[in-house]
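The chain contents come next:
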Amino acid sequence: MIYKDDPDSIRGFLEDTSNLKGGHTPGVFFPETVDELADLLKSAIREHRQFTIAGNGTGTTGGRIPQGEYVVSMQKLDRIGEPVPIGGDRAYITVQAGVLLETLQKKVEHSGWFYPPDPTEKLCFIGSTIANNSSGARSFKYGPTRNHVARILLVLADGERLNLSRGVCRADKDGLFRFTLPSGREISFKRPEYRMPATSKHNAGYFSEADMDLVDLFIGSEGTLGVIAEADLLLTPLPSAIISCLVYFRKINELFRFVDLLKEPENAVVPRAIEFFDSHSLEFLAEKYPEVPARSGGAIFFELETTTQREEGDLDLLFALMESCNAMTDESWMALDRDEQERLREFRHALPLIVNDWLSRQHESKISTDMAVPESAFRELFDFYGSSCEQEGFVYIIFGHIGDAHVHLNILPRNHEEFVGAKALYRTFVGKALELGGTISAEHGIGKLKSEYLVGMYHETGIGEMVRIKKYLDPYLLLNKGNIIPAAYFETNTIH
Ligand SMILES: Cc1cc2nc3c(=O)[nH]c(=O)nc-3n(C[C@H](O)[C@H](O)[C@H](O)COP(=O)(O)OP(=O)(O)OC[C@H]3O[C@@H](n4cnc5c(N)ncnc54)[C@H](O)[C@@H]3O)c2cc1C
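Reading the values: rules and limits
Residue indices follow the written sequence of each chain, beginning from 1 at its first position. Since the coordinates come from a predicted model, pLDDT governs what is reported: local features require at least 70, and pairs of side-chain atoms require 80 or more to be given and counted, while whole-chain, interface and lining totals use all residues. Note: side-chain values were computed over all heavy atoms of the structure, leaving out hydrogens and water. What makes a residue near a molecule or strand is one non-hydrogen atom of that residue sitting within 4 Å of it. Counted as a polar contact is a pair of N or O atoms within 3.5 Å, where, for protein atoms, one must be capable of donating a hydrogen and the other of accepting one, and residues adjacent in sequence contribute only when both atoms are in side chains. Here the accessible surface of atoms and residues is derived via Shrake-Rupley with a 1.4 Å probe, and residues count as covered only by protein chains that are part of the display. Helix numbers and strand numbers start at the N terminus; a helix is a DSSP run of H or I with at least 4 residues, a strand a run of E with at least 2. Gly counts as polar in this scheme, as do all residues outside two lists: the nonpolar Ala, Val, Leu, Ile, Met, Phe, Trp, Tyr, Cys and Pro, and the charged Asp, Glu, Lys and Arg. All domain edges in this entry derive from an automatic or database-based domain assignment. Partly exposed describes any residue whose relative accessible area lies between the buried limit of under 20% and the exposed limit of over 50%, with all areas from a 1.4 Å probe on protein chains only and scaled to the type maximum. Any two strands between which DSSP finds at least two bridges are classified as paired. Contact between two residues is taken to exist if any of their heavy atoms lie within 4.5 Å; hydrogens are not considered. Think of it this way: a Phe, Tyr or Trp ring, Trp meaning its six-membered ring, pairs with another when their centres are within 6.5 Å, and the plane angle makes it stacked under 30 degrees, edge-to-face over 60, tilted otherwise.

Asker: How should the site of the ligand be read in this particular structure?
Answerer: Around the ligand there are 34 residues in total, and Ile53, Asn56, Thr58, Ser128 and Ser135 lie nearest to it. Contact between the ligand and Asn56: an oxygen atom at 2.7 Å from a main-chain N or O atom of the residue. Here Ser134 contributes a side-chain N or O atom positioned 2.9 Å from an oxygen atom of the ligand. Isolated, the ligand exposes 1000 Å² of accessible area, and the fraction of that covered by the protein chains is 93%. Within the residue set of the shell around the ligand, elements represented by two or more residues are helix H5 (126-131) and strand E12 (227-237). The element contributing the most residues to the shell around the ligand is H5, with four residues. Residue composition of the shell around the ligand, by class: nine nonpolar, 21 polar and four charged. Mapping the shell around the ligand onto the domain boundaries places at least three of its residues in each of domain 1 (2-73) and domain 2 (84-237).

So, in structure tokens, the structure goes:
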């Protein structure tokens, strides 16, 4: 197996996009087969090694940054099969963990299939998107990654393989999972007993639901319960035509009314993605795109799957909805072909680049939220974000997945004092989101950055539930130390 420990090879594995500092490791292993991965984990106790699993480093929460553990890079486990039709307009494809999302999406599109999960950043590994249950704009229609996973092949902390298809092992009425591993070892443990928040999206801590599938416990467990080596992913037919549109509004209330109309299930034109840009985001974008109208109160980007036969009718319905909400229709950007849609995609993706460029001139890091609350409380949290930042005089932007009642607030500090103030405000936002029955992470996960806030969400008993499961599946705490559960909870056998 390839092993590297020279500083140049290691450096990239000490970071992701979180800006978390202080990562360090003795070296990085690059298994090329599942057997190599299993053997590596089997030798962990003998060799006194703990491991942090590395995807492609686009995570935002420091999950892959080692704190002295060895790193296992999934980079060389990059084999990908062919789509296999399974009837009923579905297919599946077998993919190893180190395949890039972009590679998978392009490959299946060539044969007329579609893999919906789209966590904005395409240069992430499939294994990581499963470990993090990634979601994105299209999750409004298709849900997060877990909805598209039919089977996972895991390597557990002791090196044993767990090949798990959906439907094979569900929690019984007492919440118990029972499963026999190939070695004959029996697995038997209870699902977490806490209740997850009633938000459209939620990605904080282990999944828990009555009658849940064991597959769903591992999806979103951020590499703390096992290494995802391979998966069968479900595909749907590639839509024959897409309508993409960026529509501006003068008044924020009209924009919100438009979102409500787009989301009505009886509406003939329910999009697959509904995304939001506030007026501050648009001001940043106007630096690069002078066509962004001045004085707009915000914009909505939406994407609708259609057909060439239906396209004209769908456009008429959409324009009628826009007009009914006083949209700035003349200034809006309608993209009907692939090239124009790519330009619109570039526009959306320019926002983080422009903002990061601005921040690098201030020599400060942004403070960003990933919280979500139940739909009925969304406006309250949204208004609270804005009024709190205005009161502090911060530069900030709000953007994201408004279809799922989940937007990101980025506070952009101009100096260190503002950075400290923004961090304090972040805590207030966590408190507000929890008070409203929400989650501290709707999509980016907990990693190492947010584990302290998870205690506020699940309290000591909920964290104790997670510790119980972690210790059952990884008694020597070999995998992804510090992710999700604060390390202090493992320092003694009692729960604090
Ligand atoms: C500009 C930008 C936009 C983004 N937008 C979104 C978004 O809209 N939605 C969203 O959900 N995310 C988003 N992300 C976050 C990120 O892309 C996802 O979390 C992604 O899944 C990380 O993939 P990676 O390969 O880079 O993983 P890494 O950052 O390398 O690792 C992420 C975590 O997964 C664990 N891990 C990796 N591989 C495995 C494995 N095989 N088995 C077990 N654990 C493993 C790691 O230990 C770590 O904890 C965004 C990131 C960026 C930079």
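Here the narrative resumes, following the displayed structure.
Asker: Explanation requested: the pairing of strand E19 (residues 406-411) in the structure shown.
Answerer: Walk down a regular strand and you will see the side chains alternate between the two sheet faces. For E19, the tally of buried residues reaches six of six residues, placing the bulk of the element in the interior. What you see with E19 is no split at all: His406, His408 and Asn410 on one side and Val407, Leu409 and Ile411 on the other are buried throughout. Bridge count for strand E17 (residues 367-368) against E19 is two bridges, and the pairing is antiparallel. Within E19, the position partnered with Ile367 by the bridge is Ile411. Relative to E19, strand E18 (residues 396-401) runs antiparallel, the two sharing six bridges. Along E19, the bridge assignment pairs His401 with His406.

Asker: What's the story with the side chain of Thr52 in this structure? I'm lost.
Answerer: For Thr52, the position within the fold is in strand E3 (residues 51-54). Taking relative accessible area as the criterion, Thr52 reaches 0% and is therefore assigned buried. Here Glu69 takes part through its side chain, which lies 2.8 Å from a polar atom of the side chain of Thr52. Not counting chain neighbours up to four residues away, the residues in contact with Thr52 comprise Gly63, Arg64, Ile65, Pro66, Glu69, Tyr70, Val71, Val72 and Asn480.

Asker: Explain the packing of aromatic side chains to me, please; I cannot follow it from the model alone.
Answerer: Centre-to-centre distance and the angle between the planes together describe a pair of aromatic rings. Within this structure, the stated rule accounts for 24 aromatic pairs. Note on Phe51 and Tyr70: the rings are 6.5 Å apart at their centroids and 55° apart in plane angle, and the pair reads as tilted. Placement of Phe51 in strand E3 and of Tyr70 in strand E4 (residues 70-73) is noted, with a sequence separation of 19 residues between them. The class for Phe51 is buried, based on a relative accessible area of 1%. Residue Tyr70 is classed as buried on the basis of its relative accessible area, which comes to 18%. When the ring of Phe378 is compared with that of Phe382, the centres are 6.0 Å apart and the planes differ by 40°; the resulting orientation is tilted. Here the residue Phe378 and the residue Phe382 both occupy positions in helix H12 (residues 378-392), the gap between them amounting to four residues, near one helical turn. Each member of the pair, Phe378 as well as Phe382, carries the same accessibility label: buried.

None of the figures reported here should be taken as evidence of function without further support.
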